[in-house]
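Residues per chain are reported as follows:
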Amino acid sequence: MGDVYTVRLNPVGVEFEVEEGETVLDAAFRQGIALPHGCKEGRCAACKCVLNEGEVELKPYSTFALNEMERDQNHVLLCRTLVYSDIEVDLLNFDEEILSKSIPVRTFGAEVTRVGGDARIAAVWNQLDGVMDPELDESIVDLGFVEDVVIGAEGRVDVAFRLPTYWCSPNFAFLMADDIGQAVRALPWAREVHPQLRDHMFAEEVNRGAHLGLSFAEAFRAFEVGATLEGLRETFLRKAFQRRQEAVILGLRRAGWSDAAIVTADLATLDRAVITDPEGLRQKPRYCEILLARGLATGPSDLAFVTLEGEAIPAAGLPLHLRALRAVRINMEANGALCRGLLDARYDEGPREAMASSRPACGGHGASAGGCGSCALQTAPAPAARDAGASLAM
Ligand code: FES
């Protein structure tokens, strides 16, 4: 192991260690500290903060996320920051309640009397926090879908998850299993990842396909699906874009912005905007991430709010635009409420926080009620149709 330094987070006073060669964000995840983040690749600015003290070096990043002027003023992106001394940073975006409760995982010399936690488990849960239910655009952890994480020998990771019903649409289940596999495989030590869908009529096909890296059509070859999930992914991404955009616009309105100011704001202005509304605050970096990923903006002077087709929104047209976004959100929320009820009725495990048995208590994931939006409103073969080799509806 190389040198180890201390990172102090202001104003919450949390301290944790970072090893030489490790980014501050990775070190935080390793120790169960819930730092705000989005892309983890220096593109979205969600992890931007101000360096007060210490020597650092930044790995390559986008100048949209951190422009030259900000860099000159000691702003850094924690997902790109390598440290060479103890450092102290002022956080810009953070959830004070979650962060102030974070206690870093530390290594102490001790005699083992029973097998307990593993920092790698916290790291897996942090990765899973970023896996979304594709239709609801909510974390599968917050939704209560992830049941358990088990670390085995030689970097094997088993992630058990379940859905609200036995017949939830298999294409949705497959998407989630695929995303779980990708998210956990991003951990350098995770050599073999096994998403394990439980209590589902197509669990065998989903688990086998996700483990072997098969496409949906390959995994469900016996059912002659012959389709890809790309179209479905695109539909969900469009909905996620609309839901996030609405939250940010409403957050700005609540912060006193006029419609004219909102529709003419560029990305740099949005980046500096102070939003106090919790949902708007949560969605701001997520919105910027999806806006950039879809190529609807590429630099700080591009418009922050455009339609899905990349067109500007006139100020007079914003109320109508918001009405369309609201319809998308209400639909997603209705699906979510339905699935929360189904999940609760199915598993009846009491408070959602207690459901994931292996989640470390300090993960700071903000668990809430859950549901998937992927079950009841999508068509899938009835259980009886399975053995008859029915085609799967997309
Ligand atoms: S998480 Fe650091 S820039 Fe996106």
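Residues numbered from 1 in each chain as written. Predicted model: local features only at pLDDT ≥ 70, side-chain atom pairs only at ≥ 80, totals over all residues.

Chemist: I tried to follow the overall build of the chain on my own but got confused; where do I start?
Modeler: A tally of regular secondary structure across the chain gives 13 helices and 12 strands. Partitioning the contacts of the chain with sequence separation of at least 6, the portion at a separation of at least 24 is 71%. (Helix = DSSP H or I, 4+ residues; strand = E, 2+ residues; numbered from the N terminus. Contact = placed C-beta atoms within 7 Å.)

Chemist: Can you help me understand the pairing of strand 3 (residues 48-53) in this one?
Modeler: Regular strands show a simple pattern: their side chains alternate between the two faces of the sheet. Both strand 3 and strand 5 (residues 75-77) contribute to a ladder of three bridges, which runs antiparallel. Residue pairing in the sheet places Lys48 in a bridge with Leu77 of strand 5. (Pairing = 2+ DSSP bridges.)

Chemist: What exactly am I supposed to notice about the sheet that holds strand 2 (residues 14-19) here?
Modeler: Strand pairing in a sheet takes place through backbone hydrogen bonds and is either antiparallel or parallel in direction. Strands sit in the order 2-1-7-3-5 across an open sheet of five strands; the sheet is mixed. Strands at the two margins of the open sheet, each flanked by one partner only, are strand 2 and strand 5. Adjacent strand axes in the sheet meet at a mean angle of 40 degrees, parallel and antiparallel pairs treated alike. Here strand 3 pairs with strand 7 (residues 87-91) via four bridges, running antiparallel. Paired with Leu51 across the bridge in strand 7 is Val89. (Axes fitted to C-alpha atoms, helices over the stretch in contact; angles between N-to-C directions.)

Chemist: Please clarify how the nonpolar core should be interpreted in this entry.
Modeler: In terms of nonpolar packing, the biggest core is built from 93 residues, with Val7, Leu78, Leu128, Ile140, Ala173, Met176 and Ile180 touching the most fellow members. Top contributing element to this core by residue count: helix 5 (residues 170-185), with nine residues. Residue contributions to this core reach at least three from each of two domains, namely domain 1 (4-100) and domain 2 (118-394). Apart from the residues lying within four places of it in its own chain, the contact partners of Met176 are Val131, Asp133, Ile140 and Phe161. (Core = buried A, V, L, I, M, F, W, Y, C linked by C-beta atoms within 7 Å. Buried ≥ 20, exposed ≤ 12 C-beta atoms within 10 Å, placed from the backbone. Domains from an automatic or database assignment.)

Chemist: So what exactly am I meant to see when it comes to the confidence of the model for the chain here?
Modeler: Per-residue confidence for the chain averages 79 on the pLDDT scale, and 79% of its residues sit at or above 70. Confidence, read as mean pLDDT per element, is least for helix 13 (residues 383-386) in the chain (35) and greatest for helix 9 (residues 259-264) (96). Here residues 112-116 is modelled with pLDDT under 50, and outside its nearest four sequence neighbours on either side it reaches zero contacts, counting other chains as well. Low confidence marks residues 362-394, where pLDDT is under 50. Its contacts with residues over four positions away, or in another chain, come to 104 contacts. (pLDDT = per-residue confidence, 0-100.)

Chemist: When you look at the sheet that holds strand 11 (residues 156-162) in this model, what are you seeing that I'm missing?
Modeler: In space, the three strands of this open sheet follow the order 10-11-12, with mixed pairing throughout. In this open sheet, the two strands that pair with only one neighbour each are strand 10 (146-151) and strand 12 (192-198). Taking each pair of neighbouring strands and ignoring which way they run, the sheet shows an average axis angle of 15 degrees. With seven bridges connecting them, strand 11 and strand 12 associate as parallel partners. Each residue of the ladder has a partner; that of Phe161, found in strand 12, is Leu197. Sheet contacts for helix 5: strand 11 and strand 12; angle to strand 12, the most-contacted strand, approximately 150 degrees.

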